[in-house]
Structure formats: structure tokens, C-alpha cells
Amino acid sequence: GDKVKQSPSALSLQEGTNSALRCNFSIAATTVQWFLQNPRGSLMNLFYLVPGTKENGRLKSAFDSKESYSTLHIRDAQLEDSGTYFCAAESNMGYKLTFGTGTSLLVDP
Amino acid sequence: EAAVTQSPRSKVAVTGGKVTLSCHQTNNHDYMYWYRQDTGHGLRLIHYSYVADSTEKGDIPDGYKASRPSQENFSLILELASLSQTAVYFCASSDAGTGAYEQYFGPGTRLTVL
């Protein structure tokens, strides 16, 4: 089965609303990265997390290694937040990332 | 922030032909990686390297070779391109010096095999 499961697979939001994306891991994740792939296809780094939380503007992310999940909260969604969000977990192998299949987010005016 | 560039940005190849994708990074990172992304899916690791002149197999290495002639450059080689290798290919790099392997990605190369 999938080692990194993302939910939901797709999401539509009204501008100005809030939402949360989630990743569940069936591998022993030690760190997590979150990326946004924009409509042009570029991958932008959002967060690199050891267990704990980080916040950057309207985005906040948490990683709980004991419960094997990570979340990404989007506050006051804007049109430019649209794209596909990927989480990726690094296991005890160090260097190697295992990606989820992504959450496709569309923010409507 | 890491600067990773890829060339070409897009390519059309014929079945059975040889394809070389190039990646260059300018931040002195030890690790470099090649991933492929198929439509509607996440990224899967093909090959990686942690030092020049050495490469390692990732999760899906069949049909691909890699070359790391210098710390800055990492190439992905398809000796006999097949239809199933049509995908977007991403290169990434990370600095292992601090023990944090945050990866930074290039813009991707869209490969179409006909």
C-alpha cells in the first residue's frame, strides 16, 4: 500500500476560508517536507519539519512522528494558493524522500 | 536558497533513441537526485548520488543510468527510450553537512517519447 497517504486528494475553497491537509505515514518518518507545485509545474519548498510545528504567514504545519502524521493548515486562502500540495517523508535512510500523491487545491473567488 | 537548473526543459524523443537529461546545482550540495513524475502522481526516486563519480539506485532505476562527473553536475541517461518513460523529470539537491536533508528542486524536464 501507499507509504505516504495524503488527504483529501482534491479540495475546492472559497477565497478567505481555511482548510487543513493531512499526510499519514506507514514508514518511520523522521522529517517531513511540504511542497507546492504551481500550475506551471515548479515545486516550491514550503516547510521542512522535524517533529514539531512551523508557521510561515498564512501557512502552519505540524509533524507528529509518534502518531505518524503531518498536517498543513492554510488560513485565509488566496487565489495564488491554488496548485498541488505534496508532502514527502524522510525515513531513517536519511537522504531519501517518499512522496505522497498530492492534494489538488483550487481556490475560487 | 539552492539553485538547481535543468536542461533541456522539454524534449521529444523517438522510441529506442538515447536521451540525456542534465542537471546543474550551484550551492555545493553533496546529494543530488533524479525523480520522475507521472501525470496526477507524486515523485518517485530513480537514482541519486552523494559524491562525485558515484551513483546509487533509487526506487525505480530500471531503464535509466546516471552520471555524476562533478559535484555540480548530475545527468540522467535513457539508453533506449521507451513510451513508458514519457514523464516529467525533476532533479534535486540537498546538503548533508548539517544532517538536514532538505531537498531543493529544479524546474523539471518534460520528456515525450514517441
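Residues numbered from 1 in each chain as written. Chains lettered and ligands numbered in written order. Predicted model: local features only at pLDDT ≥ 70, side-chain atom pairs only at ≥ 80, totals over all residues. Heavy atoms only, no water.

Asks: Sorry if this is basic, but what is going on with the pattern of salt bridges here?
Replies: Pairing between side chains becomes possible if they bear opposite charge and their charged atoms approach one another. Residue and element names in this part refer to chain B. Counted by the stated rule, this structure contains five salt bridges over all chains. With its nearest N and O atoms 2.7 Å apart, the salt bridge here joins aspartate 38 to arginine 44. The class of arginine 44 is partly exposed, set by a relative accessible area of 39%. (Salt bridge = Lys/Arg side-chain N within 4 Å of Asp/Glu carboxyl O. Buried < 20%, exposed > 50% of the residue type's maximum accessible area, 1.4 Å probe, protein only.)

Asks: Looking at this structure, how should I read the nonpolar core?
Replies: Note that soluble globular proteins tend to have their nonpolar side chains buried in a common cluster. All names here are of chain A. Formed by 23 residues in total, the largest nonpolar core has its most connected members in Val4, Phe25, Trp34, Leu46, Phe47, Leu72 and Tyr85. Taken together, the elements giving at least two residues each to this core come down to β3 (19-25), β4 (31-37), β5 (43-49), β7 (59-64), β8 (69-74), β9 (83-90) and β11 (103-108). Apart from the residues lying within four places of it in its own chain, the contact partners of tyrosine 85 are Gln6, Leu21, Phe35, Leu36, Leu46, Leu72, Ile74, Gly102, Thr103 and Leu105. (Core = buried A, V, L, I, M, F, W, Y, C linked by side-chain atoms within 4.5 Å. Helix = DSSP H or I, 4+ residues; strand = E, 2+ residues; numbered from the N terminus. Contact = heavy atoms within 4.5 Å.)

Asks: Where do I start with the pairing of β7 of chain A in this structure?
Replies: Regular strands place side chains that alternate from one sheet face to the opposite one. All names here are of chain A. Two strands pair when backbone bridges link them, and strand β6 (residues 52-56) and β7 are joined in this way by five bridges, in the antiparallel orientation. When the bridges of β7 are listed, threonine 53 appears paired with alanine 62. With antiparallel pairing between neighbouring strands as the criterion, β6 and β7 make up a hairpin whose turn holds two residues, including glycine 57 at a positive phi of roughly 65°. Hairpin connection, β7 to β8: the antiparallel pair is bridged by four residues, and serine 68 has positive phi, about 60°. (Pairing = 2+ DSSP bridges.)

Asks: What's the story with the interface of chain B and chain A in this structure? I'm lost.
Replies: Think of interface size as the accessible area that goes away when the parts come together; that is how it is often given. Taken together, the 18 residues of chain B in the interface contact 16 residues of chain A. Interface area, chain B with chain A, both sides summed: about 1600 Å², of which 57% is carbon and sulfur. Taken together, the links from chain B to chain A amount to one salt bridge. Across the pair lysine 96 of chain A and aspartate 59 of chain B runs a salt bridge whose closest N-O atoms are separated by 2.6 Å. For the pair chain B and chain A, the number of links is five residue pairs in polar contact (both at pLDDT 80 or more). Contributing elements (two or more residues each) for the side of chain B that touches chain A: β4 (31-37), β5 (43-51) and β10 (104-105) of chain B. Here the side of chain B that touches chain A takes four residues from β4 of chain B, the largest share from any one element. (Buried area = accessible area lost by both parts, 1.4 Å probe. Polar contact = N/O pair within 3.5 Å; in protein donor to acceptor, adjacent residues only side chain to side chain.)

Asks: How should unusual backbone geometry be read in this particular structure?
Replies: Most peptide bonds take the trans form, and the phi angle of most residues other than glycine is negative. Cis geometry marks the peptide bond from serine 7 of chain A to proline 8 of chain A, where omega comes out at -10°. Its place among the elements puts proline 8 of chain A in the loop between β1 (4-7) and β2 (10-14). For the bond from serine 7 of chain B to proline 8 of chain B, the omega torsion is -10°, close enough to zero to count as cis. Residue placement: proline 8 of chain B occurs in the loop between β1 (4-7) and β2 (10-13). Within the chain, serine 68 of chain A stands out as a residue other than glycine whose phi angle is a positive 60°. Assignment of secondary structure puts serine 68 of chain A in the loop between β7 and β8. One non-glycine residue, aspartate 76 of chain A, lies in the positive phi region at around 55°.

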